[in-house]
Amino acid sequence: MPRDRTPQDGFSDSDQQWFDRMTGKPGPYDDDRAVREADALKQALELECDRLAREAGVAAREDEALEHEWQRLQFALKREGLLRERRRPRWMWPALGGLAAAVLIAAGLLPVWRDVVAPTYDPPPVLRGAPRLGQVAVPDPRKAAERFANALRDAGLRPGLYQKEESFVVDINLLPGQMEMARPAFAQINEAPAVGMNRVTFAAR
């Protein structure tokens with residue numbers, strides 16, 4: 001069933017589709033230009049995230065060098081025609097041109113987009129054999145998975161925490177002598193541990 005999309009104040013339907021695509025909301029999308037622009041900017045943000053991650057712990061660049069990096073990103077997007085005639089809601093940046101607006105939205109969306117869209121953990125490994133599988137539906141899968149993993153660590157165990165799309169996965173391999181250590185953490189999610197590999201997937205309710 002198509003999702004009801006009601007544009008926010010100041011947004012056209014094209015703007016709303018562009019914003020929804022940027023923040024990872026489900027479609028359908030019928031504005032190809034909005035989708036192309038959003039995907040291109042998301043790719044640019046991914047590259048910027050990778051660059052920032054590689055430079056973590058390194059002294060901050062001088063203002064002139066940082067400005068050069070932003071100008072390079074602007075030029076690349078403009079060269080591909082992704083900034084032309086893209087009308088944005090007036091309340092976001094009154095009196096700013098399209099190019100300056102794109103820089104502002106890239107800078108403003110980067111930390112938010114990183115938390116909402118980009119994966120937080122590595123994907124789970126493929127399990128062999130017959131692991132014990134559990135599924136837990138919660139409002140906030142990430143926080144619930146982290147609480148469960150921390151409870152296992154507090155008990156002296158070594159769980160693995162992973163992410164698969166919007167779900168979070170906790171793996172814990174239990175020996176017979178570790179069952180009682182793990183039982184309180186599993187009780188918090190109304191599950192029971194088993195000897196061997198246990199995988200609990202936390203998904204949105």
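Our structure is the block above this text.
A short tour of the structure in this document, coming up. Here the structure is a predicted model, which is why all the values come from computation and not from measurement. (Residues numbered from 1 in each chain as written. Predicted model: local features only at pLDDT ≥ 70, side-chain atom pairs only at ≥ 80, totals over all residues. Heavy atoms only, no water.)

1. Thoughts on the side chain of T201
Alright, step 1. Structurally, T201 is set in strand β4 (residues 196-204).
Alright, step 2. The buried category is assigned to T201, whose relative accessible area is 16%.
Alright, step 3. Excluding residues that lie within four positions of it along the chain, T201 makes contacts with G134, Q135, V136, S167, F168 and V169. (Helix = DSSP H or I, 4+ residues; strand = E, 2+ residues; numbered from the N terminus. Buried < 20%, exposed > 50% of the residue type's maximum accessible area, 1.4 Å probe, protein only. Contact = heavy atoms within 4.5 Å.)

2. A few points about the sheet that holds β4
Alright, step 1. On the basis of which strands lie adjacent, the open sheet formed by four strands has the order β1-β4-β3-β2 and mixed pairing. Edge positions in the sheet fall to β1 (132-138) and β2 (160-164), since each of these pairs with one other strand and no more. The average angle at which neighbouring strand axes cross in this sheet is 20 degrees, direction not considered.
Alright, step 2. One ladder, built from five bridges, connects β2 with strand β3 (residues 167-174); its direction is antiparallel. In the sheet register, G160 faces β3, and the bridge partner there is D171.
Alright, step 3. Together, β1, β2, β3 and β4 form the strand contacts of helix α5 (residues 141-154), whose direction differs from that of β3 by roughly 15 degrees.
Alright, step 4. Along the sheet face, helix α6 (residues 179-187) touches β1, β3 and β4 and points at about 160 degrees away from the line of β3. (Pairing = 2+ DSSP bridges. Axes fitted to C-alpha atoms, helices over the stretch in contact; angles between N-to-C directions.)

3. Some words on the packing of aromatic side chains
Alright, step 1. Inspection of every chain in the model, using the stated rule, returns three aromatic pairs.
Alright, step 2. Plain terms: the ring middles of Y121 and F168 are 6.2 Å apart, the flat faces sit at 85 degrees to each other, and that makes the pair edge-to-face. Of this pair, Y121 sits in the loop between α4 (98-116) and β1 while F168 sits in strand β3; the two residues are 47 residues apart in sequence, bridging distant segments of the chain.
Alright, step 3. You can call Y121 partly exposed: its relative accessible area is 24%.
Alright, step 4. A ring pair is formed by F148 and F202, whose centres lie 5.8 Å apart and whose planes are at 50 degrees; its orientation type is tilted. Of this pair, F148 sits in helix α5 while F202 is found in strand β4, placing the two residues 54 residues apart along the sequence. (Phe/Tyr/Trp six-rings, centres within 6.5 Å; stacked < 30°, edge-to-face > 60°.)

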